[in-house]
Amino acid sequence: MTGLALPVPGFESLAMPGAGRAAVSLRPVKEDPDAGLVKRAQAGDEAAFEALVRRHADSLYSVVARLLGRGEETEEVVQEAFIRAWRSIDRFKGDAKFFTWLYRIGVNESRRRAEQVGRHRERTARSINADSGFEISDSSQAPGVKAEQAELRRALKQAVLDLPPDLRLPLVLRDIEGLSTAEAAAVMELGEPAFKSRLHRARLRVRKSIAGLTGKGEE
Amino acid sequence: MNPLKKMVTMPWFMREHRWTRAHLSEHLDGELPPEETERARRHLHDCSSCRKLLAALRRTVSGLGGLREPPPPDVAERVVSRMNKEP
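A brief structural summary. No experiment lies behind these values; they were computed from the predicted model shown.

A closer look at the overall build of chain A
Along chain A, the regular secondary structure elements total nine helices and zero strands. For chain A, the succession of helices and strands along the chain, N to C, is α-α-α-α-α-α-α-α-α. Counting all 219 residues of chain A, 50% fall into the buried class. Summing over all exposed atoms, chain A offers an accessible surface of approximately 10,000 Å²; the carbon and sulfur share of this is 49%.

Okay, structure coming up:
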């Protein structure tokens with residue numbers, strides 16, 4: 001996996017295992033639901049890897065979309081991440097769950113793309129992303145309530161996008177995508193205390209950004 | 001002096017205040033060990049400022065959980081299709 005290590009400015013912890021970065025010991029993986037498919041894929045079974053793709057493509061897309069915005073580029077990154085994973089599957093040692101390894105590849109590829117296209121385009125993507133996709137799912141609510149919720153949702157989304165990458169990813173993985181702390185920390189190759197610290201700082205920033213919309217008298 | 005204001009000036013109160021604020025997310029997530037959960041609860045009982053912040057964080061995290069959006073259809077199938085075209 002050393003060959004997959006990619007520079008991630010502001011995201012030192014995302015180097016792939018063995019890439020010469022500070023070592024973070026991951027918890028032993030007792031049960032990885034993907035273990036059987038991974039073993040078959042490592043033996044060259046393409047159908048097994050395709051099953052892994054079908055199992056994880058949507059989730060990986062969601063994470064990458066939070067980093068790059070929804071669109072063709074996100075889809076390209078997801079495809080590239082799976083292709084890299086397939087080419088490197090024999091080097092996956094099972095010291096983390098397969099999906100955390102896959103997410104690392106996807107996140108590193110996302111950051112590499114963001115660097116390639118430059119900050120201007122990233123800002124554009126962020127703006128476009130924040131302005132789209134704010135449908136309210138509960139159609140039974142009064143228009144005023146719907147409008148308030150839509151505004152809050154929009155503000156939350158923008159606040160997430162405004163976070164620096166090293167704070168945004170913990171929030172995306174833990175609070176939006178619903179990974180456990182242990183899983184999200186493993187994706188970022190952080191110890192849990194360091195991960196929790198970043199998550200807390202990220203939440204505080206987002207809370208501050210939306211304070212005017214969520215209640216009176218908040219600190 | 002107002003009892004609460006008096007309390008705020010006490011070093012032990014400020015020490016607990018700083019500690020609790022630094023651990024509010026862990027408390028919210030239920031990830032503090034039992035003795036530290038109790039420590040946080042004790043301070044929260046005495047500190048309206050921390051209670052407000054905890055409530056605000058709870059609303060924030062709840063809102064974030066609602067941001068998940070479904071990906072476009074057939075992402076996986078397009079990945080498989082691309083993989084099949086790769087040399």
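Things to note about the nonpolar core
If you look at the biggest cluster of nonpolar residues, it comprises 59 residues, and the most contacted ones within it are A:Phe49, A:Val53, A:Phe82, A:Phe98 and A:Leu173. Considering every element that reaches this core, the biggest residue donor is helix H2 (residues 46-68) of chain A, with 12 residues. Taken together, domain 1 (28-133) and domain 2 (141-213) of chain A each give at least three residues to this core, which thus spans both. Those residues in contact with A:Phe98 that lie beyond four places of it in its chain are A:Asp32, A:Asp34, A:Val38, A:Phe49, A:Leu52, A:His56, A:Ile89 and A:Phe92. B:Leu24, B:Leu53, B:Leu54 and B:Leu57 belong to the second largest nonpolar core, which has eight residues in total.

Things to note about the interface of chain A and chain B
In this assembly, 44 residues from chain A lie in contact with 36 residues from chain B. Taking both sides of the interface into account, the surface hidden between chain A and chain B amounts to around 3,700 Å²; carbon and sulfur atoms contribute 55%. For the pair chain A and chain B, the number of links is 11 salt bridges. In this structure, B:Arg82 engages A:Glu80 in a salt bridge whose closest nitrogen and oxygen atoms are separated by 3.0 Å. Among the secondary structure elements, those contributing two or more residues to the side of chain A that touches chain B are H2, helix H3 (72-88), helix H5 (143-162), helix H6 (165-176) and helix H8 (192-209) of chain A. For the side of chain A that touches chain B, the leading source of residues is H2(A), giving 11 residues. Considering only residue class, the side of chain A that touches chain B consists of 16 nonpolar, eight polar and 20 charged.

With respect to empty space enclosed by the protein
The final tally for this structure, using the stated rule, is two cavities of 30 Å³ or more. Counted as a void, the largest cavity has a volume near 90 Å³. Residue lining of the largest cavity: 12 residues in total, with A:Ser62, A:Ala65, A:Arg66, A:Arg70 and B:Glu69 positioned closest to the centre. A per-element tally of the lining of the largest cavity places H2(A) first, with four residues. The class makeup of the residues in the lining of the largest cavity is four nonpolar, two polar and six charged. If you add up the space inside the second largest cavity, you get close to 40 Å³. Together, A:Thr181, A:Lys196, A:Leu199, B:Ser25, B:Glu26, B:Asp29 and B:Glu31 line the second largest cavity.

Considering the packing of aromatic side chains
Remark: the centre distance and the inter-plane angle together describe each pair of aromatic rings, the angle taken between the planes. Residue and element names in this part refer to chain A. According to the stated counting rule, one finds seven aromatic pairs over all chains in the structure shown. Each ring, one from Phe92 and one from Phe98, has its centre 5.9 Å from the other, and the planes form 90 degrees; the classification is edge-to-face. Residue classification places Phe92 among the buried positions, given a relative accessible area of 7%. Seen from their ring centres, Phe99 and Tyr103 are 5.2 Å apart, and the 80 degrees between their planes marks the pair as edge-to-face.

Describing the environment of A:Ile210
Topologically, A:Ile210 is positioned in the loop between H8 and helix H9 (211-214). The exposure class of A:Ile210 is buried, given its relative accessible area of 1%. For the pair formed by A:Ile210 and A:Arg154, sequence separation is 56 residues and the distance between their alpha carbons is 9.8 Å. Sequence-distant contacts of A:Ile210, defined by excluding residues within four places in its chain, comprise A:Leu152, A:Ala155, A:Leu156 and B:Thr60.

A short note on the pattern of salt bridges
As enumerated under the stated definition, the model contains 23 salt bridges over all chains in all. For A:Lys97, the salt bridge goes to A:Glu183, with nearest N and O atoms at 3.4 Å. One end of the pair, A:Lys97, is in the loop between H3 and helix H4 (98-131); the other, A:Glu183, is in helix H7 (residues 181-188), and 86 residues separate them in sequence. B:Glu31 is the salt-bridge partner of A:Arg174, the closest N and O atoms lying 3.4 Å from each other.

Some details on helix H5 (residues 48-65) of chain B
Between the first and last C-alpha of H5(B) there are 26 Å, a value that for 18 residues agrees with the 26 Å anticipated at 1.5 Å per step. Those residues of H5(B) that fall on the buried side of the exposure criterion are B:Ser49, B:Cys50, B:Leu53, B:Leu54, B:Ala56, B:Leu57, B:Thr60, B:Val61, B:Gly63 and B:Leu64.

Topic: the packing of H6(A) against H7(A)
All names here are of chain A. For the pair H6 and H7, interaxial distance at closest approach is 9 Å and the crossing angle is 140 degrees. Relative to H7, the element H6 lies oblique. In this structure, H6 crosses over H7, and the sense of that crossing is right-handed. Where H6 abuts H7, its residues Asp166, Leu169, Pro170, Leu173 and Arg174 lie against Thr181, Ala184, Val187 and Met188. Across the contact of H6 with H7, the residue classes break down as six nonpolar, one polar and two charged.

The rules behind each value
- Residues numbered from 1 in each chain as written.
- Chains lettered and ligands numbered in written order.
- Predicted model: local features only at pLDDT ≥ 70, side-chain atom pairs only at ≥ 80, totals over all residues.
- Heavy atoms only, no water.
- Helix = DSSP H or I, 4+ residues; strand = E, 2+ residues; numbered from the N terminus.
- Buried < 20%, exposed > 50% of the residue type's maximum accessible area, 1.4 Å probe, protein only.
- Areas by Shrake-Rupley, 256 points an atom, 1.4 Å probe, with all protein chains shown as cover.
- Core = buried A, V, L, I, M, F, W, Y, C linked by side-chain atoms within 4.5 Å.
- Domains from an automatic or database assignment.
- Contact = heavy atoms within 4.5 Å.
- Buried area = accessible area lost by both parts, 1.4 Å probe.
- Salt bridge = Lys/Arg side-chain N within 4 Å of Asp/Glu carboxyl O.
- Nonpolar A, V, L, I, M, F, W, Y, C, P; charged D, E, K, R; others polar.
- 1 Å grid on protein atoms, 1.4 Å probe; cavity = no way out; pocket = protein on both sides within 12 Å on 5 of 7 lines; lining within 4 Å.
- Points joined across faces, edges and corners; volume = space filled by probe spheres on them.
- Phe/Tyr/Trp six-rings, centres within 6.5 Å; stacked < 30°, edge-to-face > 60°.
- Expected span 1.5 Å × (residues − 1).
- Axes fitted to C-alpha atoms, helices over the stretch in contact; angles between N-to-C directions.
- Parallel < 35°, antiparallel > 145°, perpendicular 65-115°, else oblique.
- Left-handed = near helix turned anticlockwise from the far one by under 90°.

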